[in-house]
Structure formats: structure tokens, C-alpha cells
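Each chain is listed here by its residues.
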Amino acid sequence: MAQRHGRVFFKECGELKTVAAHQRACYQKRKEKINEPMAIDGRDLAHQAQRYGEGWKKVLERVANAAGRKPFVLYYEALQADAKKELTRLFAHVGLRSPRTVAKSSSMKITSDDLRPSIASFVKVRREVAAISPGLAAQLADTSRAVFKTIYLAGNRTASFARLEAE
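Focus: helix α3 (residues 42-67)
Taking 1.5 Å of rise per residue, 26 residues should cover 38 Å, and α3 covers 37 Å from first to last C-alpha, within 8% of that figure. When α3 is considered as a whole, its buried residues turn out to be Gly42, Ala46, Gln50, Gly53, Lys57, Leu60 and Ala64. Where α3 is buried, its residues meet α6 (122-132), α7 (134-141), β1 (150-153), β2 (157-160) and α8 (161-164). The N-cap of α3, judged by a side-chain oxygen 2.8 Å from the amide nitrogen of arginine 43 a few residues on, is aspartate 41. A positive phi of about 80 degrees marks glycine 68, the residue just after α3.

Some words on the side chain of glutamine 23
Mapped onto the secondary structure, glutamine 23 falls in helix α2 (residues 21-34). On the accessibility criterion, glutamine 23 (10% relative accessible area) is buried. Residues in contact with glutamine 23, not counting those within four places in the same chain, are Phe9, Glu15, Lys17 and Thr18.

Quick notes on the pairing of β2
Alignment of β1 against β2, held across four bridges, turns out to be antiparallel. Across the sheet, tyrosine 152 pairs through a bridge with threonine 158, a residue of β2. Between β1 and β2, which pair antiparallel one after the other, the connecting turn spans three residues, and glycine 155 there sits at a positive phi close to 70 degrees.

A closer look at a nonpolar patch on the surface
The grouping of Tyr52, Trp56, Val59 and Val63 at the surface amounts to a nonpolar patch, some 390 Å² of accessible area in total. Tracing the sequence through the fold places tryptophan 56 in helix α3. Assessed through its relative accessible area of 49%, tryptophan 56 is described here as partly exposed.

Re the state of the cysteines
A complete count under the given rule lists one disulfide for this structure. In this model, cysteine 13 is linked to cysteine 26 through a disulfide, with the two sulfur atoms separated by 1.9 Å. When the S-S torsion is -95 degrees, as for the bridge of cysteine 13 with cysteine 26, the disulfide is left-handed. Of the two residues, cysteine 13 sits in helix α1 (residues 2-13) while cysteine 26 sits in helix α2, which places them 13 residues apart along the sequence. Among the residues examined, cysteine 13 registers a relative accessible area of 15% and is labelled buried.

A closer look at the confidence of the model for the protein
Looking at the protein as a whole, its pLDDT mean stands at 91, while 100% of the residues score no less than 70. No element of the protein has a lower mean pLDDT than α8, at 82, and none a higher one than α6, at 96.

Parameters at a glance
Residues numbered from 1 in each chain as written. Predicted model: local features only at pLDDT ≥ 70, side-chain atom pairs only at ≥ 80, totals over all residues. Heavy atoms only, no water. Helix = DSSP H or I, 4+ residues; strand = E, 2+ residues; numbered from the N terminus. Expected span 1.5 Å × (residues − 1). Buried < 20%, exposed > 50% of the residue type's maximum accessible area, 1.4 Å probe, protein only. Contact = heavy atoms within 4.5 Å. Polar contact = N/O pair within 3.5 Å; in protein donor to acceptor, adjacent residues only side chain to side chain. Pairing = 2+ DSSP bridges. Patch = residues over 30% accessible without salt bridge, like charges linked within 9 Å, V, L, I, M, F, W, Y side chains within 5 Å. Areas by Shrake-Rupley, 256 points an atom, 1.4 Å probe, with all protein chains shown as cover. Salt bridge = Lys/Arg side-chain N within 4 Å of Asp/Glu carboxyl O. Disulfide = S-S within 2.5 Å. pLDDT = per-residue confidence, 0-100.

Shown next, in the form of C-alpha cells:
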């Protein structure tokens, strides 16, 4: 959804990010258009998510093979929920002390954590996703900024970020 909202934002405002005042103003003027519910095929969404999952699994395995160790994964959702905690985890991984402060981002998020208003026929889409991958349906419905470490793949297979990442 973030990609789709980003494309509409770019079409409406000619911008990629909402950082500067003029970008925020454009978003505020056009947010109804940007946030219009989008028609999505749940089956396509599930298959696309599974393809992304395959891609992430391959990337993590290749990085581990090239580096000779598992990569550190920084989670976007964890940064949103508690940036200092997630950055402390990163700092500890590289042998640094915990950051005393964390700068606040000036970037404005344009996609809600709750995707129900963004997806036309959300219940139908969730049902279509669940028929292919119940785990992906749970992620689609989540509004808590949970970190999901299970990667859902085609054929009801899964992979685990926990197995593929450094601790």
C-alpha cells in the first residue's frame, strides 16, 4: 500500500517524500485523493508478498554466504514503535554504547498502520489473502506495528528472519 500511496502522491504532488513544508502542504491539500480506497485483488497481493518473501530470503542467504556470517536486520516497524530500542540493538551489534538520544524524523508517513480505509473491500481482500496464506492475512490486518519474523512463501512454505539474521 505504501508503494501505491507513494505513486499517487508523486502523481499529485511531483514529490517522493513528505519532509519539507511544501511537500507536507501538498499532501494536506490532496490527502483525500491520495488516500482514496484502492481496488486490490487479494490473490495478486498474496502472490506478490510471497515473491517479495522469496526475494528477502535469497538476499539474506546471499549476504550471509558472502560475508561468512548472518546479517543484522533493522526492522522498520520496530523503528516506528521504539526507535531508541531498535537503534540500541544495532549499536550493541556493532559494539557501541546505546545512543543517548535519537533524532526525530521530519519525514511524514502517508500510509496508515491500519490498511482498512486504504483498501476497497478490505474484508474480501483479507479473505482472498487468507485462502492463500493465513499468515499474510494476519499481517495485512495488523495495526500494532508488530515485527513479523516469519516470511510466507508460495506452497504454504515459510522461512524465518530469526534463522537468517544475526542475533
